[in-house]
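Here is what each chain is made of, one letter per residue.
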Amino acid sequence: VGLKAGSYTGSVTISESTLTQTIPVTFTITPPTLAVASACPGNGTEGVPYGPFNLSASGGLGTGSYIFSITNGGLPAGVSLHGNVIGGTPTGSAGTSVFSIQVTSGSQTALTACSVTIAPPVGTLQITGTCPANSILVGSSISISLSATGGKSPYTFRLTSGPAWLALTSQGAGATLAGKPSSA
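Residues numbered from 1 in each chain as written. Predicted model: local features only at pLDDT ≥ 70, side-chain atom pairs only at ≥ 80, totals over all residues. Heavy atoms only, no water.

1. Let's talk about the layout of surface pockets
A water-sized probe, rolled over the atoms, reveals where empty space remains. Reported here for the largest pocket is a volume of approximately 180 Å³. L125, I127, L146, A148, Y155, T156, F157, R158, L159, L168 and L177 are the residues that line the largest pocket. Elements with a contribution of two residues or more to the lining of the largest pocket: β12 (125-129) and β13 (142-150). (1 Å grid on protein atoms, 1.4 Å probe; cavity = no way out; pocket = protein on both sides within 12 Å on 5 of 7 lines; lining within 4 Å. Points joined across faces, edges and corners; volume = space filled by probe spheres on them. Helix = DSSP H or I, 4+ residues; strand = E, 2+ residues; numbered from the N terminus.)

Here it is, written out as structure tokens:
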């Protein structure tokens, strides 16, 4: 019949040869429970185009009645919601954004909590370590710890120049320069 949600009234009449009886009939059609059907958008990388992530819902008054919004937090900088699509290019600092996707249809509202992590740009690689403040004496051992952050692991350390007595060992995101100068 294609009835929409709402209250309906009518009457039912029964009759026989000598009597007629009419009774009122009232019924209410309730739309299905509204829900956000799409998953939370995925993680991204700063400076790399993000999305599009199409949002969808089920229930309520049906397709065409859904209005999406972001509540209880916000999307990463540079990312926005237009209609039912989340997209953009993350800018600013990397980190995690916590928010809710809200959908409204008629008088119903549904939420789903999400978090999105934006990683630093892949090209940003930093190596940190502390070189000795004083000169190294002949015959004295030296050991310098190095660590890498950013970029994309796994990392590969390589000693590209230096004295023959200096060696590099690496493991994961760290490395050690070590040796003992034997002559000046």
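Having seen the structure, we can now continue with the description.
2. Side note on the pairing of strand β14 (residues 166-171)
Pairing analysis gives six bridges linking β14 to strand β15 (residues 174-179), with the strands arranged antiparallel. Pairing of L168 across the sheet is with L177, part of β15. Connecting β14 to the next strand, β15, in antiparallel fashion are two residues, including G172 with a positive phi near 60 degrees. (Pairing = 2+ DSSP bridges.)

3. Describing the confidence of the model for the chain
The predicted model of the chain averages 89 in pLDDT, with 96% of residues at 70 or higher. No element of the chain has a lower mean pLDDT than β12, which averages 82, and none a higher one than strand β7 (residues 67-71), which averages 98. (pLDDT = per-residue confidence, 0-100.)

4. Some points on the packing of aromatic side chains
Tallied over the entire structure, the rule returns two aromatic pairs. Measuring from centroid to centroid gives 5.5 Å for Y8 and F27, while their planes differ by 20 degrees, and the two rings are stacked. In this pair, Y8 sits in strand β1 (residues 6-15) while F27 sits in strand β2 (residues 20-29), placing the two residues 19 residues apart along the sequence. With a centroid separation of 4.8 Å and an interplanar angle of 55 degrees, the aromatic rings of Y50 and F53 are classed as tilted. Accessibility expressed as a relative area gives 5% for Y50, which makes it buried. (Phe/Tyr/Trp six-rings, centres within 6.5 Å; stacked < 30°, edge-to-face > 60°. Buried < 20%, exposed > 50% of the residue type's maximum accessible area, 1.4 Å probe, protein only.)

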